[in-house]
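Fold and contact review
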Amino acid sequence: MPTSQIWVFIALVAGIVSVGIAAWLYNWVHRQDAGSEKAQEVASWIREGATTYLRRLYLALTLVAVALGFIIAIVFSFDIEHLGTGVVSIDPLRGGVMALAFVAGAVCSALAGYMGMTVAVAANVRSATAAGESINRAFKVAFYAGSVMGLAMVGLAVIGMSAIYLISGDPEIVLGFSFGASSLALLAKAGGGIYTKTADIAADLVGKVEIGIPEDDPRNPAVVADNVGDNVGDVAGMGADIFDSYVASTVAVMLLGVSIFAGDTALQTKYTVFPLILCTLGIVASLIGIQFVRVGESGKPGPALNRGTIITCTIFGLLAAAIVFLGGYNLGVLWATLAGLITGVVIGFTSDYFTSSENRPVVETARVSDSGAAINIITGFSYGLISLVPSIIGIALATLSSYYLAQWSGMNGIYGVGISAVGMLAVSGMIVSSDAYGPIVDNARGIAEMAGMSQKVIDTADVLDAAGNTAKAITKGFAISAATLTVLALFAAYAEVVGIRGVVLNISLRNPVVVAGVLLGAMTPPLFSALTMLSVTRNAFQMIKEIRRQFDERPGILAGTELPDYAACVGLAAQGALASLVLPAFLAVVVPLLVGFLLGPEALGGFLGGSIFTGVIFALLMSNAGGLWDNAKKYIESGVFGGPGSEAHKASVVGDTVGDPFKDTAGPSINTLITVMSLVSSLFAPIIAAFHLF
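Here's what I pulled together on the structure shown here.

Calculation rules
- Residues numbered from 1 in each chain as written.
- Predicted model: local features only at pLDDT ≥ 70, side-chain atom pairs only at ≥ 80, totals over all residues.
- Heavy atoms only, no water.
- Helix = DSSP H or I, 4+ residues; strand = E, 2+ residues; numbered from the N terminus.
- Rg over C-alpha atoms; globule rule 2.2 N^0.38 Å.
- Buried < 20%, exposed > 50% of the residue type's maximum accessible area, 1.4 Å probe, protein only.
- Areas by Shrake-Rupley, 256 points an atom, 1.4 Å probe, with all protein chains shown as cover.
- Lys, Arg positive; Asp, Glu negative; His and termini not counted.
- Charge placed at Lys NZ, Arg CZ, Asp CG, Glu CD.
- 1 Å grid on protein atoms, 1.4 Å probe; cavity = no way out; pocket = protein on both sides within 12 Å on 5 of 7 lines; lining within 4 Å.
- Points joined across faces, edges and corners; volume = space filled by probe spheres on them.
- Nonpolar A, V, L, I, M, F, W, Y, C, P; charged D, E, K, R; others polar.
- Salt bridge = Lys/Arg side-chain N within 4 Å of Asp/Glu carboxyl O.
- Axes fitted to C-alpha atoms, helices over the stretch in contact; angles between N-to-C directions.
- Parallel < 35°, antiparallel > 145°, perpendicular 65-115°, else oblique.
- Left-handed = near helix turned anticlockwise from the far one by under 90°.
- Contact = heavy atoms within 4.5 Å.
- Patch = residues over 30% accessible without salt bridge, like charges linked within 9 Å, V, L, I, M, F, W, Y side chains within 5 Å.
- Expected span 1.5 Å × (residues − 1).
- Bend = angle between axes of the 7 residues up to and from the residue.

**Regarding the overall build of the protein chain**
On a plain count of helices and strands, the protein chain comes out with 22 helices and 0 strands. Over its C-alpha atoms the protein chain spans a radius of gyration of 24 Å, differing by no more than 12% from the 26 Å that the globule rule assigns to 694 residues. Taken across its 694 residues, the protein chain has 62% of its residues classed as buried. Surface summary for the protein chain: the accessible area is close to 23400 Å², and the carbon and sulfur share equals 67%. Taking the average location of the 34 positive side-chain charges in the protein chain and that of its 46 negative ones, the two points are 2 Å from each other.

Below, the structure written as structure tokens:
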């Protein structure tokens, strides 16, 4: 058996081990103390709301997946090699396999998200209970629960890609798997983001601003919906987002390996499988790195999370170097891998600078809030724009260094850019574990307050939550950077797939069709952002009316003598989120196909380029500015600049309300949008090359 084939089997085994350890951690979390009867009751409200929404979401997505699966089965049953030549033959087996791969991608993405969310809603109350014992214990429960999401995600992704490649031997079939994962990820991330910010905004505007009650006060009818949103948006949604980029970057490089090394079968197989090898090494590094994430005597969870990330990246870099030297790979792939890995870490920690309450951007935004909401918003937005600079420079350097270092070593530069994306995403097991920790401790803090736990527990939960906010900011910066490099690799893969069909792309700005494509592509991410944020405001308006109605008609709620109708707000958030997904899905799937079939492959190439440029700008701006506004509010709530209830605090709440859909709805969803559009283009590239109007 060739060495490359052996590596595919090793990757499959590594994926199974990763999922197995995730299952063990899942059971370990469930064995921990679930706390008092009151705490369990509060946790059950959150669990039921999250499970109900996810069940409704996945039911809707099942219908979408089946419909798209049928379309893919029909379209890819035609002999793509001879499309447009007058020779028509049908191969239903290929169409069926492609459709099954698509469905498998959607199922794996959904399963990873579901595992992560179910353990998150079990861990929140257990972490809150453990906080009464020690911060170390509470941190361990929350992080191990987050690790279930991280390890399940990378494990299922590698199992799916390896199994499909072993069965079919064709990376284009694996592309179908990636499209399935991305389609579900877009709707899960956008839907979860709309849900969580609908509840968050409504709860803040009525509870904090109008009534003056604390954030997680059980008297607020939207408080359960707000906590549910943390799980469906930041656990299931973000997990699907990273799953999407993780698979898409790997598949893009597999496609590049097939086309670039077409003249040499041995090299073709070797470099087609190489991204799967990197994913395998990333799983090993993440499993080791997770063991080092422990809160020491300092009691500070932030350094523990950062230490785990740095150790994981170091181990991965060493393993990659060993494989390249021992396996006889071109040194260019090592330099490209390290370029992507280092850039991901640097950009992640850059996002931390602009969103951490220990640094000037957040402190300055909080300081000027005494002058009103307008100054708070202008300051935060300006720092969000400034935050683009280091991230964009980092992405540019990663692109240039991976390209030219690969070329200098005798490797194709485009392949090097693709490998840098895989290198950045290979450690996703650790990155997602840290990210999922965030909403778990956020919920733990909410449960502690709603269940009337001691002030010691609430204070401990606040410390855990502060580290969680930083971890989420780092992950968002990492995810956006990884998505950008992934889409660049997919763009190259699109050009290669079209080139194989005899169409040489000339994407020149002197070509009016290309210019039209660039403008249409540049328009799409801002339009997508507007649609998702308008959905949030529209749904929040309905929930605000419901909260006010309950306060007006049932005075016993504020008096603390009766419970609010939490289910009404949960139902409004779920219904509004699901109804708001139609137009975003249309933009992602249908618009690229319309551009391709009407204006041709070159216009579609311009469309992808335009969407990348505005997509990365909007994603970074929204994620960083939103995180900055959020932490400026929390900084004031810690007692500075007037503290809770002050004019500065009221202004910061308004700023945070503006930033909520920025950082948790539109910003992160753009990553998946541009990935889905690139995958649609690559998947249908052979057909577009044969049939287009211009």
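That covers the picture; the talk isn't over yet.
**Things to note about empty space enclosed by the protein**
The final tally for this structure, using the stated rule, is 3 cavities of 30 Å³ or more. Each pocket or cavity is described by its volume, and for the second largest cavity that value is around 80 Å³. Along its surface, the second largest cavity is lined by 12 residues, and Thr-309, Gly-344, Val-345, Ile-431 and Phe-478 are the ones closest to its centre. Contributions of two or more residues to the lining of the second largest cavity are made by α8 (301-327), α9 (331-355) and α15 (455-500). Considering every element that reaches the lining of the second largest cavity, the biggest residue donor is α9, with 5 residues. When the residues that make up the lining of the second largest cavity are grouped by side-chain class, the tally is 9 nonpolar, 3 polar and no charged.

**Some points on the pattern of salt bridges**
Taken as a whole and assessed by the stated rule, the structure comprises 13 salt bridges. Across the salt bridge formed by Lys-197 and Asp-200, the nearest N and O atoms sit 2.8 Å from each other. With a gap of 3 residues between them, Lys-197 and Asp-200 both fall in helix α5 (residues 171-211), about one helical turn apart. A relative accessible area of 3% means that Lys-197 is categorised as buried. The class for Asp-200 is buried, based on a relative accessible area of 9%. The partner of Glu-364 in a salt bridge is Arg-367, and the shortest N-O contact between them spans 2.7 Å. Of this pair, Glu-364 and Arg-367 both sit in helix α10 (residues 360-367), 3 residues apart, which is roughly one turn of that helix. What you see here is one network of salt bridges that share partners, running through Lys-197, Asp-200, Asp-630, Lys-633, Lys-634, Asp-656, Asp-660 and Lys-663.

**Here we look at the packing of helix α4 (residues 135-168) against α5**
At a minimum axis distance of 9 Å, the contact between α4 and α5 shows a crossing angle of 150°. Looking at the two axes, α4 sits roughly antiparallel to α5. The handedness of the crossing between α4 and α5 comes out as right-handed. Touching Leu-156, Ala-157, Gly-160, Met-161, Ile-164, Tyr-165 and Ser-168 of α4 are Pro-171, Ile-173, Val-174 and Phe-177, all from α5.

**What to know about the layout of surface pockets**
Size it by volume and the second largest pocket reaches roughly 470 Å³. Residue lining of the second largest pocket: 22 residues in total, with Thr-399, Leu-488, Phe-491, Ile-612 and Phe-613 positioned closest to the centre. Elements with a minimum of two residues in the lining of the second largest pocket: α12 (388-408), α13 (413-425), α15 and α20 (601-637).

**So, a nonpolar patch on the surface**
Where nonpolar side chains cluster on the molecular surface, the patch consists of Leu-583, Phe-586, Leu-594, Leu-598, Leu-693 and Phe-694 and spans about 640 Å² of accessible area. Within the secondary structure, Phe-694 sits in the segment after α22 (685-690).

**Side note on the environment of Leu-594**
As for its position among the elements, Leu-594 is in helix α19 (residues 582-599). Between the C-alpha atoms of Leu-594 and Gly-180, which are 414 residues apart in sequence, the distance is 20 Å.

**Quick notes on α19**
With 18 residues, α19 ought to run about 26 Å at 1.5 Å a step, and its terminal C-alpha atoms sit 24 Å apart, in line with that. Of all bends in α19, the biggest is about 35°, found at Val-590, and the proline Pro-592 comes one to four residues later. Taken as a whole, α19 has its buried residues at Pro-584, Leu-587, Ala-588, Val-589, Val-591, Pro-592, Leu-593, Val-595 and Gly-596. Contacts made by the buried residues of α19 are with α5, α16 (512-553), α20, α21 (647-683) and α22.

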